[in-house]
Amino acid sequence: MSTAHPEVKAAPAESDPPEITKARNDAARLHRAFEGKGCDEATIVSILANRSAAERALIRKEYNNNFSEDLDKALPKELGTGDLKLLLAYVDTTRSEGPEVDAKIVEKDAKELYKDGEERLGTNEATFIRIFTERSSAHLAEINSVYRRLYGHSLKKAVKKDTSGKFEFALLTILQCAENPGKYYAKALYKALNPLIAIAGAGIDKRKLTRIIVSRAEIDIEQTKAEYEKKNKKSLSDDVHSKTSGNYRSFLVSLLEPNHR
């Protein structure tokens, strides 16, 4: 176990804009994920796959400013081959996040992924890394649709068939967030609110619960709430209300139901 020490060297100034505070918090979470025996790959992938290029640049800056090792050096130490390249590309690549897609490029990408994945012996990881990191969420979602039309099954199924381990997990996380971010976050929130029974005495995962609700409150929380209720037959707000208490509960519910404050 590593020796306990402050996660951030300097407290944020009151004048820091929200995006800087968010980046600083993400940097601290990454630093925690690197600590101890092994590393928390799920947290690393979740952060880097769900931030814009501008947000990732801020995260790198805050990480480098507040810890003794820069992020680009920390990632290679903690992660393996294909997944490392994918995550580093995510940190460094500027992607368009607009809704516009070019149908010709989408079809070209789908064919390249098939050619360098299912059609050959051994996956060409470089092709997957390039497309998954350079294309927008809307573009990736459309690739999945075209892939199904061309080859009779989803790109997600192809990724599961032709990749493995952390590289597979990273690709699937990116793809799921592109296709249906509400569904992805609804599943993560359910796990945070309903820890495995096998973990004796475990309570809810407050850190994950807070992070997701705060970060998605002004983006796609309504979609997440709808997906949560569709899957679990109960509302996210009711579940949060029943499993939290006091000011913490009031804070989360106010973010989930801003019109009922």
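Throughout what follows, the structure given in this document is the object of discussion. Nothing here was measured: the structure is a model prediction, and the numbers come from that model.

Overview of the nonpolar core
With 20 residues, the main nonpolar core has Leu113, Phe128, Phe132, Leu140, Ile143, Leu155 and Val159 as its most contacted residues. Here the element with the most residues in this core is helix H10 (residues 165-179); it accounts for 6 residues. In this view, Phe128 contacts Leu113, Asp116, Gly117, Thr123, Val159, Phe167 and Leu171; residues no more than four positions away in its chain are not counted. Core analysis: the second largest hydrophobic core is formed by 19 residues, Cys177, Ala188, Leu236 and Leu255 among them.

Re the pattern of salt bridges
Scanning all chains against the criterion turns up 15 salt bridges. In this structure, Glu112 engages Arg130 in a salt bridge whose closest nitrogen and oxygen atoms are separated by 2.4 Å. Of this pair, Glu112 sits in helix H6 (residues 103-115) while Arg130 sits in helix H7 (residues 125-134), and the two are 18 residues apart along the sequence. Taking relative accessible area as the criterion, Arg130 reaches 27% and is therefore assigned partly exposed. For Lys161, the salt bridge identified is with Glu118, shortest N-O distance 3.7 Å. With Lys161 in helix H9 (residues 155-162) and Glu118 in the loop between H6 and H7, the pair connects residues that are 43 residues apart, well separated along the chain. For Lys161, a relative accessible area of 59% puts it in the exposed group.

Analysis parameters
- Every chain begins its residue count from 1, and numbering advances along the sequence as written.
- A pLDDT threshold of at least 70 governs which residues receive local features in this predicted model, and a stricter bar of 80 or more applies before side-chain atom pairs are shown or counted, although totals over entire chains, interfaces and linings include all residues.
- Hydrogens and water molecules were not included; the side-chain quantities draw on all heavy atoms of the structure.
- Joining through side-chain atoms within 4.5 Å is the link that ties buried Ala, Val, Leu, Ile, Met, Phe, Trp, Tyr and Cys residues into a set, and such a set is a nonpolar core.
- Buried, partly exposed and exposed residues are distinguished by accessible area as a fraction of the type maximum, computed with a 1.4 Å probe on protein chains only: under 20%, between the cut-offs, and over 50%, respectively.
- Secondary structure elements are defined from DSSP: runs of H or I of at least 4 residues count as helices, runs of E of at least 2 residues count as strands, and each element is numbered from the N terminus.
- Here, two residues are considered to be in contact whenever any of their heavy atoms come within 4.5 Å of each other.
- Take a side-chain nitrogen of Lys or Arg and a carboxyl oxygen of Asp or Glu: if they are within 4 Å of each other, that pair is a salt bridge.

Taken by themselves, the reported measurements are silent on function.
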